[in-house]
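# Survey of secondary and tertiary structure
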Amino acid sequence: MTTIENGARTTYSAGELSSRPLPRATSTTAVFDLSISLEENPQGDDEYPEEPTPATDDDDQNKFEKKIEEFADAVFQMTNGKHKIGKVTIFRDGDQANNTDVQWKENCTDSDPTTTAPGPRANPSGFGVAGARIYFCTNWEGAPTLMDTPKGAGFTLAHEWGHYTYGIYDEYVANCGQTPETNCVIFFPRSTDTASSPSIMNGQWTAVSGSQDWLEVSTLGVEPYATQADGDDKNGQARVFGENGWATLTRDPATDPRHSFLPTRTQYTNLVAPTAPNLIVNDDESTARSELDIIWAGNQVAELMIDTSGSMSGTPISNAKTAASLLVGQLTPGENAVGVGRFTSSATQVFAITDIPDPDTGVRSGAQTAIAAFSAGGGTDIEDAALTALAQVQGFQGGTRPSVVYLLTDGQSSVNQTTVINAYTAAKVPLVTFGFGSGVNAGLLQSLANGTGGQYFFSPTTLAQIQQAFVAANAAFSSSVVVQSTTAAATASTTDVRNVTLDSSLATAAINVSFAGAVTDVSLRLLDGTGADTGAAFTCNAGAEVSCDAEVDVTTLGAGQYGVEVVNNTSSDIDVSVLVSGTPSDFESYDCECGIAA
């Protein structure tokens, strides 16, 4: 295999490739479920497919549905009928923007170099990778007349799908913006490139006019590969892989070139490259949408199920209650519903699942009051707890809302894993498990989480550690992000300031400070960049340890450097933990991406 990087051509023999192993990923997936977070809030009946005579107020939703239908058709065509799009879950008003496969803004532009919203692009080989996604928009100045049409948007989304899911690169011609252009990263198109025609990674726009050939992935039958099989570094795909698109799709990723930027690529083993003389395959699209289902998601339901068995007595139950209360407090009004259960040898719902209005009228405080009343005693039945929690979310509004269950336990019990995993999988609800302390059955909890699409978090019993686990879990399954988490000693009878950076990507921030001792042992203030008091109030609760919380409106106070002033009022050093999480504003994220649409 021959590759080109920074202008240097390198040829690897089979032996050299095998001696330089990369992580190898293969999959037999043929139907792909994905999620989209829309910046907009299109009105409609939240149903798909549309009625034969759709209501007038359903027009906005229908526009997006038609674009997704064309996207499904294009994916079917580009894989020669082997892959289909299945369930597409759409969140609105930017909800779940950090967790979806597609962030879909209303407007994006690439004429302003300072813009935070350039044209459509994607993280290559990002499907199924946390933090990776496609960035998309309704209105793009690069294609003002085509982008808001069903085919124009759908085919462009399929182009980005080529980057995001299959890890192939662009094959069009464009100036990469540097002089000389060889200074650009190798996957960026250049003005001296040779476009592959036809290829969806070159000109998906041409397919809008009716030529399905342009929905194909490149083969040896198109330039620059027809003249030289490795493409002679004549476009992004050729420079990265030294071969046409179909050759990459059907090759073992263990033999990929060793570029430093190249992520682990997944080979879908059900894909079969076309062969001469039939290198262009136009498939019958009558079944392209047979698996397609579009779900207009409501606000997320969060169900907490907490172990209150006898082994949780004392510090463990105190810290678990404080951490669970913190998680409830970080749920976003207008975007979440919350319910709370407890379990010993059987499970009980103690706070019925309730939507949190905006502004909150006391729903979160009601859930926190229910948590505060927990006491420890009895045995442990994890299976009943998991199934009871699932029944609660399925019973709320017909189980139509996206949901997540958080289950915390410090113990072990007999569990029919197949029963629990099958139930959660069928309901498409992730089970997030927390192993609390050294006596927990970590293998069981990890298996339940992995089998249901959730995550497993192990935390010892200190307050700071379990709060970190709860906040990390909330970030993984909501729009929240973890900004920073630090623990350091506050020296006796001194004052120190813990720096906190709140940048413009955040709308709000939640600052939690925890320490062992009495509430009066430590005094707290939030200072701005000049050292002045911002007036943000810390509310402290004392259990086995002290937990203090402050809410910060970053939009009002402004982005910048802040400091948590920690005054140790005692004659002994105290370990003080500062945990900062936040809610991003308008699709802002910390991710890098590449693969801009033509």
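Everything below is about the structure shown above.
Described in the following lines is the structure provided in the data block. (Residues numbered from 1 in each chain as written. Predicted model: local features only at pLDDT ≥ 70, side-chain atom pairs only at ≥ 80, totals over all residues. Heavy atoms only, no water.)

This part is about the sheet that holds strand β10 (residues 293-296). Strand order in the open sheet formed by six strands is β7-β8-β6-β4-β5-β10, with mixed pairing between adjacent strands. The open sheet has two free edges, formed respectively by β7 (121-122) and β10, since each of these has just one partner strand. For strand β6 (residues 102-108) and strand β8 (residues 134-140), the ladder comprises six bridges, and the chain directions are parallel. Paired with glutamine 103 across the bridge in β8 is tyrosine 135. (Pairing = 2+ DSSP bridges. Helix = DSSP H or I, 4+ residues; strand = E, 2+ residues; numbered from the N terminus.)

Of all eight residues in strand β12 (residues 336-343), seven are buried; the element is thus mostly enclosed. Where strand β11 (residues 300-307) and β12 come together, eight bridges link them in parallel fashion. Each bridged residue has a counterpart across the sheet, and for alanine 302 the counterpart in β12 is valine 338. Taking the sense of rotation as the criterion, the β-α-β connection linking β11, helix α7 (residues 315-330) and β12 turns out right-handed. As defined by bridge partners, β12 adjoins strand β13 (residues 347-355) across six bridges and the pair is classed as antiparallel. Bridge assignment links valine 340 to a residue of β13, and that residue is phenylalanine 351. (Buried < 20%, exposed > 50% of the residue type's maximum accessible area, 1.4 Å probe, protein only. Right-handed = clockwise from strand over helix to strand, strands pointing away.)

A few words on the packing of helix α9 (residues 382-395) against helix α10 (residues 417-427). Packing of α9 against α10 brings their axes to within 10 Å, and their N-to-C directions diverge by 15°. Considered as vectors, α9 and α10 are oriented roughly parallel to each other. In this structure, α9 meets α10 at a crossing whose hand is left-handed. Of the residues in α10, those in contact with Glu383, Ala386, Leu387, Ala389, Leu390 and Gln394 of α9 are Thr419, Val420, Ala423, Tyr424 and Ala427. (Axes fitted to C-alpha atoms, helices over the stretch in contact; angles between N-to-C directions. Parallel < 35°, antiparallel > 145°, perpendicular 65-115°, else oblique. Left-handed = near helix turned anticlockwise from the far one by under 90°. Contact = heavy atoms within 4.5 Å.)

On to the nonpolar core, then. Counting residues in hydrophobic clusters, the biggest one holds 48 residues, and the most contacted among them are Ile36, Ile85, Val88, Trp161 and Tyr166. Sort the elements by how many residues they give to this core and helix α2 (residues 59-78) lands first, with seven residues. When neighbours within four sequence positions are excluded, tryptophan 161 is seen to be in contact with Phe32, Leu34, Phe71, Val75, Ile85, Phe127, Ile134 and Tyr166. Judged by nonpolar contacts, the second largest core, of 32 residues, contains Leu304, Ile317, Ile466 and Phe477. (Core = buried A, V, L, I, M, F, W, Y, C linked by side-chain atoms within 4.5 Å.)

Shape descriptors only; they carry no functional weight alone.
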